[in-house]
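# Structural overview
Residues per chain are reported as follows:
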Amino acid sequence: MNCKPGLAIVIRGLTHPSPNVGRLVDVVSRLADHERFGPLWQCRSTQPMWVRGPYGDVLAIDFWVPDAWLFPVGGLPVHDEQLDEVPA
């Protein structure tokens with residue numbers, strides 16, 4: 001699996017070019033596996049994004065995205081106690 005809850009960048013979409021590629025989303029929770037797309041994540045965006053709805057493409061701020069279409073955004077790991085020297 002590629003992602004985890006937190007921030008991610010959309011790196012792929014259903015159409016080419018996808019208007020959502022490069023957009024930042026908040027990955028909220030893991031959903032069930034889809035037979036075609038694999039693992040899915042429930043995502044939110046502060047700005048509406050084009051998504052495929054039951055009656056065609058719609059603008060939404062709450063939607064699902066396949067795991068393979070997301071690139072997690074993260075910083076350096078935070079350690080409570082970082083050792084700078086090798087113990088003798």
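Above this text is the structure in question.
Described below are features of the structure shown in this document. (Residues numbered from 1 in each chain as written. Predicted model: local features only at pLDDT ≥ 70, side-chain atom pairs only at ≥ 80, totals over all residues. Heavy atoms only, no water.)

### Here's the deal with the pattern of salt bridges
- Counting across every chain of the model gives three salt bridges.
- Note that Arg-44 is salt-bridged to Asp-62, the shortest N-O span being 3.8 Å. On the criterion of sequence distance, the pair formed by Arg-44 in strand β3 (residues 38–53) and Asp-62 in strand β4 (residues 56–66) is long-range, its members being 18 residues apart.
- Given a relative accessible area of 41%, Arg-44 falls into the partly exposed group.
- One salt bridge connects Arg-52 with Asp-57, and the closest N-O pair in it is separated by 2.7 Å. (Salt bridge = Lys/Arg side-chain N within 4 Å of Asp/Glu carboxyl O. Helix = DSSP H or I, 4+ residues; strand = E, 2+ residues; numbered from the N terminus. Buried < 20%, exposed > 50% of the residue type's maximum accessible area, 1.4 Å probe, protein only.)

### Considering the layout of surface pockets
- Quantified by volume, the largest pocket comes out at close to 430 Å³.
- Ranked by the residues each element gives to the lining of the largest pocket, the list is headed by β4, at six residues. (1 Å grid on protein atoms, 1.4 Å probe; cavity = no way out; pocket = protein on both sides within 12 Å on 5 of 7 lines; lining within 4 Å. Points joined across faces, edges and corners; volume = space filled by probe spheres on them.)

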